[in-house]
Amino acid sequence: NDIEINCKKSLSCDGKNIGTYSTASLLALSIIDLCETFYCHLGVNVPDHAMTFRSLCNLLQDSVTPFVVSVHAKECADPVLVINLTLVCQATLTIRIIGLLQKCTQVFPQRTESLTNSDLPQSLPVVVIFKDFEAFNSQVLQDFILICSRYTQELPFIFIFGIATSPSAIQHRLPHSVSSLLCIEVFHSLSCTQHLASVFDKLILNSQFPFKLSSRVIQVLVGIFLYHDFSVQNFVKGLQFSMLEHFKSQPLSMLCCQKQEALLSAKTLSKKNVERIRHLPSFMRYVETQEPQEQVQLLTNDEHVKEVCQQLLKNLHKYHKNYYPILQCLHSLTSSLPKFPLGKHIRELHVSCIEKNLWETEEYDSALQLLRILAKDELVAALRKCAEILKSTKILQNVLQQLEDFIGRLEALEEDSSGNGIISGKMEYQRTDLFQLQKTLLEKESRRTKRMNPFEVLRSQVIEFIDSLVREYLTPAELQPLNEVCYYNSSGVLRQRLNVTPRTSIQAALSHPFYYLQNESLKTDAGTISSAAPDLCIVYKLHLECGRLINLYDWLEAFLTVMSAAEDQDTNSEECGKYDSLKHARFIQAVSEMEFLGFIKSTKQKTDHVARLTWGGC
């Protein structure tokens, strides 16, 4: 639902939204025989286009007109089909509106006289959405626009063209004589990375959402998003799969819920679940830090473990509540630094924090060095952003108080006009050689002392305060006891399910068809070929025994030998190895499928050979 809301908000032009255009303003251009046209530039995140257009349709039906129809290029090979789809949609909705008007007239007869022509369905525009504009036949588009332009006064039209490449596509698809009939406005959707940031803010970087992802799982999901499909919808599906896998594989996930529910579940833990808690790595580390008597109680007394478990769950929820505001504050301080030492996006900083001690990294030291040279106005603006973040969360009030105190002291501070504050002793010059002069200057430079002005002293205190917050609140999640209850960290399983490798799967299926077809006759020992296997499997296994170039005749002979074994022919007989047209056709088909799958290709080196393309098969 959050993503659909974001999609509704994303289509904007000059600060406006499509829904803000009133019916009267949309009909104004129809009076002068121009068709109002919107170009929605959606980018390359194709998997999200369907959801975007669905949200757009709902938005238009609620705020502009109920007559909205979406058409695909594959459904519209002729302009007549486009017109038919449009008219069917309008007729259906007109019947519904007339029925609603009749009901309203029956319930409120006194309002019948107040109805005007503008209230009738025929005055509303018809919105036609071309989802994949580039895929439409240009002649179909031209004919449809020319036909509609002649009836704009009787039946106003609004066109919405969905473009994935560039708004200049209209110049390549429509001639000037047709495009001149359109009054065009261009709308750009938000980038997919902005939608991803919104998902992170609402689902992952949120203390109200008990389920958490480890750093490696986040890297897998973000990697699939950035390097494969740019689909926010698929990212959310990956998040949902991670949640299902966590609750399926982790028996203690029953404690992954809201605070009060988790505490009630901890009180009623079974003996088996108590033993599972004792075997958690984070709980074992916690036991090692306790006194010997406490260790004995934790290892032998189940009721005591339940009480400690409740306290640890409270600490875990408190850790999350304090973690995210401080993370946002640190991101607001460092996101504008040169070269982004801690990352440009907050998700990068979050991964660094939950993976290791952030203050032990070189990137963190580099960020602090850059913060130590901030000007007064830059530092005050950054601290104000942090104060606004803490005000919105309504927690960590002591930290907010200290930040406001620093801001007040910085604003009241006047710039020191005494220069750089360097105090140096009186230098006496005398005749000497170059080596002696260099030595004297180095000695005097080492004795020079620099006195910091009041602003530099206060700035140093601010940076030390920020560093103390990072060390206190941004500790890695792995160090928190019972973190396994909330954090899903099986990145290998997630990568195997979501980021599959088709070539490896195809090779495994061709090498071991039994595991896919579940046929007992296909079971073979390693290095052997089953004569009952499909032709493609036989041809594939035979090609693994060849080198870079494969002789088609030798390949055919080997294939016929395997086929003869399937027909129980004597391998020493003269009939063995001979082929008929059917076997020849089966071999040609299998070789063609191998070429289609990308395992071989034809070569100009030898006409009766093919080149092998893959190596290291299963």
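Calculation notes
- Residues numbered from 1 in each chain as written.
- Predicted model: local features only at pLDDT ≥ 70, side-chain atom pairs only at ≥ 80, totals over all residues.
- Heavy atoms only, no water.
- Phe/Tyr/Trp six-rings, centres within 6.5 Å; stacked < 30°, edge-to-face > 60°.
- Helix = DSSP H or I, 4+ residues; strand = E, 2+ residues; numbered from the N terminus.
- Patch = residues over 30% accessible without salt bridge, like charges linked within 9 Å, V, L, I, M, F, W, Y side chains within 5 Å.
- Areas by Shrake-Rupley, 256 points an atom, 1.4 Å probe, with all protein chains shown as cover.
- Salt bridge = Lys/Arg side-chain N within 4 Å of Asp/Glu carboxyl O.
- Buried < 20%, exposed > 50% of the residue type's maximum accessible area, 1.4 Å probe, protein only.
- pLDDT = per-residue confidence, 0-100.
- Contact = heavy atoms within 4.5 Å.
- Expected span 1.5 Å × (residues − 1).
- Pairing = 2+ DSSP bridges.
- Axes fitted to C-alpha atoms, helices over the stretch in contact; angles between N-to-C directions.
- Core = buried A, V, L, I, M, F, W, Y, C linked by side-chain atoms within 4.5 Å.
- Polar contact = N/O pair within 3.5 Å; in protein donor to acceptor, adjacent residues only side chain to side chain.
- Left-handed = near helix turned anticlockwise from the far one by under 90°.
- Nonpolar A, V, L, I, M, F, W, Y, C, P; charged D, E, K, R; others polar.
- Right-handed = clockwise from strand over helix to strand, strands pointing away.
- Disulfide = S-S within 2.5 Å.

Trainee: Quick question: what am I supposed to make of the packing of aromatic side chains here?
Mentor: For any pair of aromatic rings, the description consists of the separation of the ring centres together with the inter-plane angle of the planes. Tallied over the entire structure, the rule returns 18 aromatic pairs. Taking 5.7 Å as the distance between ring centres and 45° as the angle between the ring planes, the aromatic pair formed by F144 and F159 counts as tilted. In this pair, F144 is assigned in helix α5 (residues 138–149) and F159 in strand β6 (residues 157–163), connecting sequence segments 15 residues apart. Ring geometry for W555 and F587: centres 5.8 Å apart, planes at 90°, overall edge-to-face.

Trainee: Whenever I open this one, a nonpolar patch on the surface confuses me. Can you help?
Mentor: A cluster of nonpolar side chains, L434, L437 and L441, forms an exposed patch at the surface whose accessible area comes to about 300 Å². The residue L441 is located in helix α20 (residues 434–447) in this model. With a relative accessible area of 43%, L441 lands in the partly exposed category.

Trainee: Before we go on, may I ask you to explain the confidence of the model for the protein in this structure?
Mentor: Note that predicted coordinates carrying low pLDDT should not be read in detail. Looking at the protein as a whole, its pLDDT mean stands at 79, while 78% of the residues score no less than 70. Every residue in residues 93–101 scores below 50 in pLDDT, and together they form 11 contacts with partners more than four places removed in sequence or on other chains. In this model residues 416–427 is a low-confidence stretch, pLDDT under 50, and it forms 16 contacts with partners more than four residues away in sequence or in other chains.

Trainee: Would you mind going over the pattern of salt bridges with me for this structure?
Mentor: Two side chains that carry opposite charge are able to pair once their charged atoms sit near each other. The final tally for this structure, using the stated rule, is 9 salt bridges. A salt bridge links R471 to D467; its shortest N-O distance comes to 3.0 Å. On the criterion of helical spacing, the pair formed by R471 and D467 is a turn pair, its members being 4 residues apart in helix α21 (residues 454–473). Judged by relative accessible area, R471 falls into the partly exposed class, the value being 41%. D467 gets classed as buried once you look at its relative accessible area, which sits at 16%. Each of the salt bridges in this network shares a partner with another, and the network as a whole consists of K271, E275, R278 and D302.

Trainee: Just to check I follow, could you spell out α21 for this structure?
Mentor: The end-to-end C-alpha separation of α21 is 29 Å, in line with the 28 Å expected for 20 residues at 1.5 Å each. Among all positions in α21, only F455, E456, L458, R459, V462, I463, F465, I466, D467, L469, V470 and Y473 are buried.

Trainee: What should I look at first to understand the environment of P156 in this one?
Mentor: Locating P156 in the fold gives a position in the loop between α5 and β6. Take P156: its relative accessible area is 5%, and that puts it in the buried class.

Trainee: Can you help me understand the sheet that holds strand β12 (residues 549–551) in this one?
Mentor: To summarise the sheet geometry, strands pair through backbone hydrogen bonds and adopt either a parallel or an antiparallel arrangement. Across the sheet, which stays open at both edges, the 3 strands sit in the order β12-β14-β13 with antiparallel pairing between neighbours. Whereas interior strands pair on both sides, the edge strands pair on one side only; in this sheet they are β12 and β13 (600–602). Each neighbouring strand pair of the sheet contributes to a mean axis angle of 40°, computed without reference to strand direction. Note that β13 and strand β14 (residues 609–612) share 3 bridges and pair antiparallel. Considered in β14, the bridge of S602 is made with V610.

Trainee: What exactly am I supposed to notice about the nonpolar core here?
Mentor: For soluble globular proteins, nonpolar side chains are generally found buried alongside one another. Of all hydrophobic cores here, the largest spans 94 residues; its most connected members are F235, I277, F283, L383 and L482. Counting residues per element, this core draws most heavily on helix α15 (residues 302–334), which supplies 14 residues. Contacts of L383, omitting those with residues within four sequence positions, involve L403, F406, I407, L410, V462 and I466. With 25 residues, the next largest nonpolar core counts F67, V128, F133 and A169 among its residues.

Trainee: What should I look at first to understand the environment of Q295 in this one?
Mentor: Mapped onto the fold, Q295 is located in helix α14 (residues 292–300). Once the C-alpha coordinates of Q295 and M284 are considered, the two residues, 11 residues apart in sequence, prove to be 9.8 Å apart. Engagement of the side chain of Q295 in a polar contact is seen with the backbone oxygen of Q290, the distance being 3.0 Å.

Trainee: I'm lost on unusual backbone geometry in this one. Help?
Mentor: The phi angle of most residues is negative, glycine excepted, and most peptide bonds adopt the trans form. The backbone of F230 shows a phi angle near 55°, a positive value even though the residue is not glycine. For F230, the position within the fold is in the loop between α9 (215–229) and α10 (232–249). For F230, a relative accessible area of 30% puts it in the partly exposed group. In the Ramachandran plot, L396 falls in the positive-phi region, its phi being about 55° despite a non-glycine side chain. In this structure, L396 sits in the loop between α18 (376–393) and α19 (397–412). For L396, a relative accessible area of 10% puts it in the buried group.

Trainee: Help me understand the environment of K601 in this model?
Mentor: Along the chain, K601 turns up in strand β13. Sequence separation between K601 and L549 is 52 residues; the distance between their C-alpha atoms is 9.8 Å. With near-sequence residues (within four places) excluded, K601 lies in contact with V610, A611 and L613.

Trainee: Sorry, what's going on with the packing of helix α12 (residues 271–278) against α15 here?
Mentor: Two measures define how a pair of helices packs: the angle their axes make with one another and the distance between the axes. α15 packs onto α12 with a crossing angle of 65° between their chain directions and a minimal axis gap of 10 Å. Viewed along their axes, α12 and α15 form a crossing whose handedness is left-handed. Listed contacts from α15 to K271, V274, I277 and R278 of α12 are D302, V305, K306 and C309. Taken together, the residues of the contact of α12 with α15 break down into 4 nonpolar, no polar and 4 charged.

Trainee: Looking at this structure, I do not really get the pairing of strand β5 (residues 126–130). What am I missing?
Mentor: For a regular strand, side chains alternate in direction, first toward one face of the sheet and then toward the other. The buried count for β5 comes to 5 of 5 residues, which makes it a mostly enclosed element. Side chains V126, V128 and F130 of β5 all project onto a buried face; the interleaved residues V127 and I129 project onto the opposite face, where all are buried too. Taken together, β5, α5 and β6 form a β-α-β motif whose crossover is right-handed.

Trainee: Whenever I open this one, the state of the cysteines confuses me. Can you help?
Mentor: Here, disulfide denotes a covalent bond that connects the sulfur atoms of two cysteines. Enumeration over the complete set of coordinates arrives at 0 disulfides. For C256, which is in no disulfide, the shortest distance to another cysteine sulfur is to C486 and amounts to 4.3 Å. Take C256: its relative accessible area is 6%, and that puts it in the buried class.

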